[in-house]
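# Structural overview for review
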Amino acid sequence: MLRQVEGSKAVADAVAACQPEVICAYPISPQTHIVEGLSQLVKDGTLPNCEFINVESEFAAMSVAIGASATGARTYTATASQGLLYMVEAVYNASGLGLPIVMTVANRAIGGPINIWNDHSDSMSQRDSGWLQLYAENNQEAVDLHIQAFRIAEEMSMPVMVCMDGFILTHAYEQVDIPTTEEVKAFLPPFVPRQHLDPAEPVSIGAMVGPESFMEVKYLAHQRMIDSAAKVQEVAKDFEAHFGRKTGGLLRSYRTDGAETIVLALGSIIGTLKDVIDELQLDGKSIGVVGLTSFRPFPYEAIAAALKGAKRVIILEKAFSTGTGGIVTQDVARAIEGMGIKDFTVIAGLGGRPITIASLRNYLTNAMAENIDRLTFLDLEIDTVEVEINKERALR
Amino acid sequence: MFQVRIHGRGGQGVVTAAELLAVAVFDGGKHAQAFPSFGSERTGAPVVAYCRISDHEIRAREPIMEPDVLIIQDASLIKQIDVFAGLQPRGYVIINSAETAEELQLADKIKVPHSLAILPATEIALTHLGRPVPNAVLLGAFSALTGVVPLEAVASAINEKFKPKIAAGNVAAATAAYEYVMNQVATHA
């Protein structure tokens, strides 16, 4: 049913429609409203077959999720920022054990300095964790991605993070079509684990692996991640067949036909970028946008195909690797190697800095003339930082 | 695109006002996007929330810097921050105050031609609701001044959000505010 609803509430209802059996989470802004919503649904009897387990920390949340998933329960959790960092040890175990846990990351900056606002540093820090990472453009896609995520996770025996921009999406009221439990049931079959803990038929999951086999186990994880790209696409196609919406998948191009310049971005900024692209095209500019939904698995071939024929790609990122620059850029550069496409990176929106249409228009206009550096920090107060840099250098 | 910026203080229901407006617009078949400016959520601290209204899908997510409508839930903010920044020419300004435009020295602060409604929303809320929460009241004024959403849509959004008793008080208060502003508009016409 189409409703005007807060993003967090929409996601809580969508997760509930997937009929999870165990939910465990520790509250942290901006994820809190999602788990509040779910705890309410468990308490009021909407989810009679679901246990909501209160835990004392994010580390416990992921540990309980691992235990629950290993017994064959459909398991969900959610976190953000420092909360994600606090659970990291267990995050890697979830993927290492092949447990199909679905987790929302309500994207938020990482301290210090402490900052509660949006960027992608939290989920990007888990790039190599062996989890799939899908990024939502808007709240409709956030809803749809959660439903797709359970199916991808369970069919691949891999955990999936659904990343949605904290506050910008979690706290925004917009219209969202939330499928009913019955509709979701027709798309998402009951979870049948490949193996599970059962006292009647004891098995051991997660035993120690020595040097003689560890490389092979890790290589299998590598290959599984590569293979999951086809599953992400397949599930998005089947979702469209069921629900009539083109959401999820690996990536989506917008007005890129014949475009000389293509902007590539993840998450909610894609909406603002589409408005900017429309304006620039009205001015006769040759520019389009590619929205990357799937960061892990990384769709090398789909990106090469989407950028083919372009002269340059601008990668807009809400996180960066200190001292080097763009994180997504490294992968995009490999995807387009030898294609003669120049890549540029713009770091934007760190710690909730608003990314405005005016700033994007100005930056992209310069970018189309290649009147930019390879790496730009959008709207950086350059005079302020230069004073500080000189002071620091003088003191060393 | 029609853009609304709501200024108030923590505890006055600023974010709820934007939500109610979005629901009222949605019920009328249009698109709306409401979102808070995510500052420190302390009672009494300045808070800003936004609502975009359009016939089409709303994709942009930047803060509203050039509003068509300003709702000022707490007139003491006028002296503290530039609440009128970016107001569109011929925009609408709705202020919760028992003072006049002259007493609030608005002529010095609003530099563009605009439509203005000043109403004692807190007093209206106290009369009909028994609590000094002006947010839904000001949406009644919004309906009267702009005509962008009918009062009935505001009332149904209030009824969806609140429990019956609180909803009834808020609907009565919003209706009183609607009539107050309609009378003001008629007087000036």
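Conventions we followed
Residues numbered from 1 in each chain as written. Chains lettered and ligands numbered in written order. Predicted model: local features only at pLDDT ≥ 70, side-chain atom pairs only at ≥ 80, totals over all residues. Pairing = 2+ DSSP bridges. Helix = DSSP H or I, 4+ residues; strand = E, 2+ residues; numbered from the N terminus. Axes fitted to C-alpha atoms, helices over the stretch in contact; angles between N-to-C directions. Contact = placed C-beta atoms within 7 Å. Parallel < 35°, antiparallel > 145°, perpendicular 65-115°, else oblique. Left-handed = near helix turned anticlockwise from the far one by under 90°. Nonpolar A, V, L, I, M, F, W, Y, C, P; charged D, E, K, R; others polar. Core = buried A, V, L, I, M, F, W, Y, C linked by C-beta atoms within 7 Å. Buried ≥ 20, exposed ≤ 12 C-beta atoms within 10 Å, placed from the backbone. Domains from an automatic or database assignment. pLDDT = per-residue confidence, 0-100. Expected span 1.5 Å × (residues − 1).

Attention now moves to the sheet that holds strand β15 (residues 375–377) of chain A. Whether parallel or antiparallel, the strands of a sheet pair through hydrogen bonds between backbone atoms. Residue and element names in this part refer to chain A. Strand order in the open sheet formed by 6 strands is β9-β11-β10-β13-β14-β15, and the pairing between neighbours is mixed. Strands at the two margins of the open sheet, each flanked by one partner only, are β9 (251–254) and β15. Looking at each pair of strands side by side, their axes are set apart by 20° on average, direction ignored. Where strand β14 (residues 342–347) meets β15, 3 bridges bridge the pair, whose relative direction is parallel. In the strand pairing of β15, Val-346 is matched with Thr-376. Seen against the sheet, helix α12 (residues 328–335) touches β10 (261–265), β13 (312–317) and β14 and runs at an angle of roughly 155° to β13. Lying over the sheet, helix α13 (residues 357–368) contacts β10, β11 (287–292), β13, β14 and β15, oriented at roughly 135° with respect to β10.

All names here are of chain A. The contact between helix α7 (residues 139–156) and helix α9 (residues 214–243) brings their axes to 10 Å, and the two run at 135°. It follows that α7 is oblique to α9 by the angle criterion. When you trace α7 past α9, the crossing you get is right-handed. Every residue of α9 that contacts α7 at Asp-144, Gln-148, Arg-151, Ile-152, Glu-155 and Met-156 is listed here: Arg-224, Ser-228, Lys-231, Val-232, Val-235, Ala-236 and Phe-239. Split by residue class, the contact of α7 with α9 holds 6 nonpolar, 2 polar and 5 charged.

Looking now at the nonpolar core. Residue and element names in this part refer to chain B. Ranked by internal contacts, the top residues of the largest apolar core, which has 187 residues, are Ile-94, Ala-174 and Ala-177. The element best represented in this core is helix α1 (residues 14–27), accounting for 11 residues. Ignoring anything within four residues of it in the chain, the contact list for Ile-94 reads Leu-70, Ile-71, Ile-72, Ala-117, Leu-138, Ala-141, Phe-142 and Leu-145.

This brings us to the domain arrangement of chain A. All names here are of chain A. Taken domain by domain, chain A consists of domain 1 (2–243) and domain 2 (251–383). Between the C-alpha centres of domain 1 and domain 2 the distance comes to 27 Å. Tallying the contact residues gives 27 residues for domain 1 and 20 residues for domain 2. When contributions to the side of domain 1 that touches domain 2 are tallied by element, the ones reaching two or more residues are α6 (121–124), β6 (132–135), β7 (160–165) and α9. Per-element accounting of the side of domain 1 that touches domain 2 gives the leading share, 5 residues, to α9. When the residues that make up the side of domain 1 that touches domain 2 are grouped by side-chain class, the tally is 15 nonpolar, 8 polar and 4 charged.

Predicted confidence across chain B gives a mean pLDDT of 95, with 97% of residues reaching 70 or more. We note a pTM of 0.97 for the whole complex and an ipTM of 0.95 for its interfaces.

Turning our eyes to something else, we now look at the interface of chain A and chain B. Contacts between the two partners involve 19 residues from chain A and, on the opposite side, 16 residues from chain B. Of all elements in the fold, only β8 (173–177) and α10 (269–282) of chain A reach the threshold of two or more residues within the side of chain A that touches chain B. Among the elements that take part in the side of chain A that touches chain B, α10 of chain A stands out by supplying 4 residues, more than any other. Broken down by class, the residue content of the side of chain A that touches chain B amounts to 8 nonpolar, 8 polar and 3 charged.

So, about the sheet that holds strand β5 (residues 102–107) of chain A. Residues and elements named next belong to chain A. Strand order in the open sheet made by the 7 strands is β3-β2-β4-β5-β7-β6-β12, with mixed pairing throughout. A single partner strand is all that each edge strand has here, and the edge strands are β3 (51–54) and β12 (294–296). Sheet twist, expressed as the average angle between the axes of neighbouring strands with direction ignored, equals 20°.

All names here are of chain A. With respect to the helices, strands and loops of the structure, Leu-47 is situated in the loop between α2 (32–43) and β3. For the pair Leu-47 and Glu-21, spaced 26 residues apart in sequence, the C-alpha to C-alpha distance is 8.4 Å. Each residue touching Leu-47, except ones within four places of it in the same chain, is listed here: Ala-16, Leu-41 and Val-42.

This brings us to α13 of chain A. Residue and element names in this part refer to chain A. Across its 12 residues, α13 extends 16 Å between first and last C-alpha, which sits within 8% of the 16 Å expected from 1.5 Å per residue. Looking at the buried residues of α13, the elements they touch are β10, α10, β11, β13, β14 and β15. Once α13 finishes, Glu-370 follows within two positions and takes phi at roughly 55°, a positive value.

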